[in-house]
Amino acid sequence: MNLSNLQPANGSVHNQNKRVGRGEGSGKGGTSTRGHKGAKSRSGYSKKIGFEGGQMPLQRRVPKYGFKNINRVEYVGINLDTLQLLVENGIINDTVDFNVLVENRLTSKNSLVKILGRGELKSKLKVTAHKFTATAKAAIEAAGGEAVTL
């Protein structure tokens, strides 16, 4: 082995890209495989997302409908049967507040909670939440509990 026959180890060199724009003698000079003229042959070209060659894009052809209320307040719903399940599993015994719900991964710390009326509540609970449905509030109070709005 000497300097005239050195070569990299097998598999260590992967670059098989064409070297474009390195003169006519390379066979990839001139237009550098970009064709002639037009936006695509220029440097810095990038087409807009959804561009369809000047044809009216699908996103503008399809009719728009509906309404999105920007002031809508989104609540995470938790049903009474879920609370009853927590009582039966021994996770809660008398009070249900926001921290308990977050710890049991029923909601995240940044969301608002609304107690919904599905199922039945057999145990006496003091439930603290941002909102209650009328049926949920009635069911909690019928079981001897208390519904506290945050």
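Reading the values: the criteria
Residues numbered from 1 in each chain as written. Predicted model: local features only at pLDDT ≥ 70, side-chain atom pairs only at ≥ 80, totals over all residues. Heavy atoms only, no water. UniProt positions renumbered as here; feature names shortened; annotations may be inferred. Helix = DSSP H or I, 4+ residues; strand = E, 2+ residues; numbered from the N terminus. Buried < 20%, exposed > 50% of the residue type's maximum accessible area, 1.4 Å probe, protein only. Areas by Shrake-Rupley, 256 points an atom, 1.4 Å probe, with all protein chains shown as cover. Arc of directions from axis to C-beta. Contact = heavy atoms within 4.5 Å.

In the nomenclature of an unreviewed UniProt entry, the protein is known as Large ribosomal subunit protein uL15 of Paenimyroides ceti. Per UniProt, the comment on the protein under Sequence similarities (unreviewed entry) is "Belongs to the universal ribosomal protein uL15 family." Note on the protein: under the UniProt heading Subunit (unreviewed entry), the record states "Part of the 50S ribosomal subunit."

**Student:** Quick rundown of the overall build of the protein? Include the residues and the values.
**Tutor:** Broken down by element type, the protein carries four helices and six strands. The order of α-helices and β-strands along the protein, N terminus first, is α-β-α-β-α-β-β-β-α-β. When its C-alpha atoms are laid out on the principal axes, the protein stretches across 90 × 60 × 25 Å. Here the protein holds 150 residues, and the buried ones make up 21% of them. Carbon and sulfur atoms make up 50% of the accessible area of the protein, which amounts to about 12100 Å² in all.

**Student:** Outline helix H2 (residues 80–88), listing residues and values.
**Tutor:** Taken residue by residue, H2 has Leu-80, Leu-83, Gln-84, Leu-86 and Val-87 as its buried positions. Along the axis of H2, the buried residues cluster in a sector spanning 155 degrees; they form a single face. In this structure, the buried residues of H2 make contact with strand E1 (75–79), strand E2 (95–96), helix H3 (98–103), strand E3 (112–116), strand E4 (126–129) and helix H4 (134–142). Two residues or fewer after H2 comes Gly-90, characterised by a positive phi angle close to 80 degrees.

**Student:** Quick one: what's the story with unusual backbone geometry, residue by residue and with numbers?
**Tutor:** Located in the positive-phi region is Thr-33, a residue other than glycine, with phi close to 65 degrees. Relative to the elements of secondary structure, Thr-33 occurs in the segment before helix H1 (58–61). Residue classification places Thr-33 among the exposed positions, given a relative accessible area of 52%. Positioned with a positive phi, Lys-37 is a non-glycine residue whose angle comes to about 50 degrees.

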